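An overview of the molecular structure
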Amino acid sequence: MATIRDNLNLISKLTLKRFFNALMLTGSYYWSRFAKKPIHRGMPASISFEPTTSCNLRCPECPSGLRSFTRPIGMLEPGFFKKTIDELAPELLYLVFYFQGEPYLNRNFLEMVRYASQKKIYTATSTNAHYFDDETCQKTIESGLDRLIISIDGTTQDVYEQYRVGGKLEKVISGTKNLLHWRKKLKSQTPFVVFQFLVVKPNEHQIDDAIQLADELGVDDIWFKTAQIYDYEHGNELIPTKDEYSRYKKQKDGTYSIKNTLVNHCWKMWHSCVITWDGRVVPCCFDKDAEHAMGELKSASFGEIWNGIPYRSFRGAVLRSRSEIDICKNCTEGTKVWG
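Residues numbered from 1 in each chain as written. Predicted model: local features only at pLDDT ≥ 70, side-chain atom pairs only at ≥ 80, totals over all residues. Heavy atoms only, no water.

**Observations concerning the overall build of the protein**
- Each helix and strand counted, the protein has 12 helices and 12 strands in total.
- Along the first, second and third principal axes, the C-alpha set of the protein runs to 55 × 50 × 40 Å.
- By the burial criterion, 56% of the 339 residues in the protein qualify as buried.
- Of the roughly 15,600 Å² of accessible surface on the protein, a fraction of 52% belongs to carbon and sulfur atoms.
- Separation of charge centres in the protein, based on 45 positive and 40 negative side chains, amounts to 6 Å. (Helix = DSSP H or I, 4+ residues; strand = E, 2+ residues; numbered from the N terminus. Buried < 20%, exposed > 50% of the residue type's maximum accessible area, 1.4 Å probe, protein only. Areas by Shrake-Rupley, 256 points an atom, 1.4 Å probe, with all protein chains shown as cover. Lys, Arg positive; Asp, Glu negative; His and termini not counted. Charge placed at Lys NZ, Arg CZ, Asp CG, Glu CD.)

**Describing the packing of aromatic side chains**
- As enumerated under the stated definition, the model contains 17 aromatic pairs in all.
- Ring geometry for W306 versus Y311: centroids 5.2 Å apart, planes at 75°, classification edge-to-face. The same class applies to W306 as to Y311, namely buried.
- Put simply, the rings of F49, F80, F81, F97, Y104, F109 and F132 touch in pairs and so form one group of aromatic residues. (Phe/Tyr/Trp six-rings, centres within 6.5 Å; stacked < 30°, edge-to-face > 60°.)

**Notes on the nonpolar core**
- By size, the foremost hydrophobic cluster in this structure holds 85 residues, and its most contacted members are F81, I85 and L95.
- Filtering out sequence-adjacent residues up to four positions away, L95 remains in contact with I47, F49, F81, I85, A116, I121, Y122, T123 and A124. (Core = buried A, V, L, I, M, F, W, Y, C linked by side-chain atoms within 4.5 Å. Contact = heavy atoms within 4.5 Å.)

**Quick word on the layout of surface pockets**
- Roughly 270 Å³ of volume is contained in the second largest pocket.
- In terms of lining residues, the second largest pocket is bounded by 13 residues, among which Y104, R107, L110, T136 and K139 are the most central.
- Counting residues per element, the ones that place at least two in the lining of the second largest pocket are α5 (109-118) and α6 (134-143).
- Class assignment for the residues of the lining of the second largest pocket results in four nonpolar, two polar and seven charged. (1 Å grid on protein atoms, 1.4 Å probe; cavity = no way out; pocket = protein on both sides within 12 Å on 5 of 7 lines; lining within 4 Å. Points joined across faces, edges and corners; volume = space filled by probe spheres on them. Nonpolar A, V, L, I, M, F, W, Y, C, P; charged D, E, K, R; others polar.)

**With respect to the pattern of salt bridges**
- Considering all chains together, one arrives at 11 salt bridges under this definition.
- One salt bridge in this structure joins K13 and D146, with 3.7 Å as the shortest N-O distance. One end of the pair, K13, is in the loop between α1 (2-12) and α2 (16-35); the other, D146, is in the loop between α6 and β4 (147-151), and 133 residues separate them in sequence.
- Looking at K13, the relative accessible area reads 12%, which means it is buried. (Salt bridge = Lys/Arg side-chain N within 4 Å of Asp/Glu carboxyl O.)

**Some thoughts on the pairing of strand β5 (residues 192-199)**
- Across the eight residues of β5, eight count as buried, placing the element largely inside the fold.
- Residues F192, V194, Q196 and L198 line one face of β5 and the alternating positions V193, F195, F197 and V199 line the opposite face, and both faces are buried.
- Pairing analysis gives five bridges linking β4 to β5, with the strands arranged parallel. For R147, the partnering residue across the bridge sits in β5 and is F192.
- Relative to strand β6 (residues 221-226), β5 is paired through six bridges, and the arrangement is parallel. Bridge assignment links V194 to a residue of β6, and that residue is D221.
- Each parallel crossover has a hand, and for β5 linked through helix α9 (residues 207-217) to β6 it is right-handed. (Pairing = 2+ DSSP bridges. Right-handed = clockwise from strand over helix to strand, strands pointing away.)

**Some points on the pairing of strand β9 (residues 272-275)**
- Side chains of β9 alternate between two faces, with S272 and V274 and C273 and I275 buried alike.
- Summarising the sheet, β9 and strand β10 (residues 280-282) pair through two bridges and their orientation is antiparallel. Pairing of V274 across the sheet is with V282, part of β10.
- Linking β9 back to β10 in an antiparallel pair, the connection comprises four residues, with G279 at a positive phi of about 95°.

**Remarks on the side chain of T123**
- Here T123 lies in strand β3 (residues 122-127).
- Exposure remark for T123: the relative accessible area of 0% places this residue in the buried category.
- Leave out the neighbours within four places in its chain, and T123 touches L95, F97, V113, A116, S117, G144, L145, D146 and R147.

**A closer look at the environment of P310**
- Note on placement: P310 falls in helix α12 (residues 309-321).
- Exposure remark for P310: the relative accessible area of 44% places this residue in the partly exposed category.
- Linking P310 and M294, residues 16 residues apart in sequence, is a C-alpha distance of 5.7 Å.

**Let's talk about the confidence of the model for the protein**
- Taken residue by residue, the protein gives an average pLDDT of 92. The fraction at 70 or more is 96%.
- Across residues 334-339, where pLDDT falls below 50, the model places 18 contacts with residues more than four positions away in sequence or in other chains. (pLDDT = per-residue confidence, 0-100.)

**Focus on α2**
- With 20 residues, α2 extends 28 Å between its outermost C-alpha atoms, agreeing within 8% with the 28 Å of an ideal straight helix rising 1.5 Å per residue.
- Contacts made by the buried residues of α2 are with α10 (268-271) and α12.
- Of the residues flanking the end of α2, it is K36, one or two places downstream, whose phi is positive at about 60°. (Expected span 1.5 Å × (residues − 1).)

Rendered as structure tokens:
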């Protein structure tokens, strides 16, 4: 029932302008695949906006956790965010407040969520749930946030901390309980609360326990997600033994390869993008270090960047030979396993 309600909530954000924009995006995408050249119409239906690159944890396969960025660390400013959203709002249906970092470290985060919600945009975020005191929980509910994804990669502290290095499972559980308490207290149907369990070898034996924990706490759903491993070719201690939860397969020679076939097209290049905290527009969430920035919003409008020569050239490169683009080589879009 909660999932149906969440889907209906998303559909309720669909205006005529957003609907026709989606038609233009879909039509131009399939025409581009047929013509094998980048033909693009419409504005993005979905974007990810990065609240911050800072994080309180040290997860081993995350640039934020590893502190391995070459790009600067900082916080998204509300004024810049609002100006950008004002340009995108008429066509924008779905807004994810996440790229790298922990969103709740940005003290203006929920103010920006509220601003987007007031424009009838579906809003979502992902968090490690270490900051859910009473005030934050109340403000989260009142912001209008539509979906909250809580990372919980283990059901015991010893397993949880093997990936969420520096994290406290007790905080995640108590924070989840508190958030659900405030949602009930304020008689709100949002946010739709999801546990996301990143399946790696150290925690794969706790999948059933995670389902039971989600049920006991009363979250709305639990999703099991495959892990992106940067150094996978010669094996990695994080690659699961359960094949259905692995993005990689073992070859006869003992090395590993990615399961996905890199076909020469990508829907994300037509309907969505990522905007970093400092205003760089990058093609997708696999470009963690913003090495393929299509432009900067501090010096150009979003429309100029979205329809500019660098973006057209990148879409063309995807249509010609996606396997030659570095950020595409470890891409497994569609490899999420739902629980």
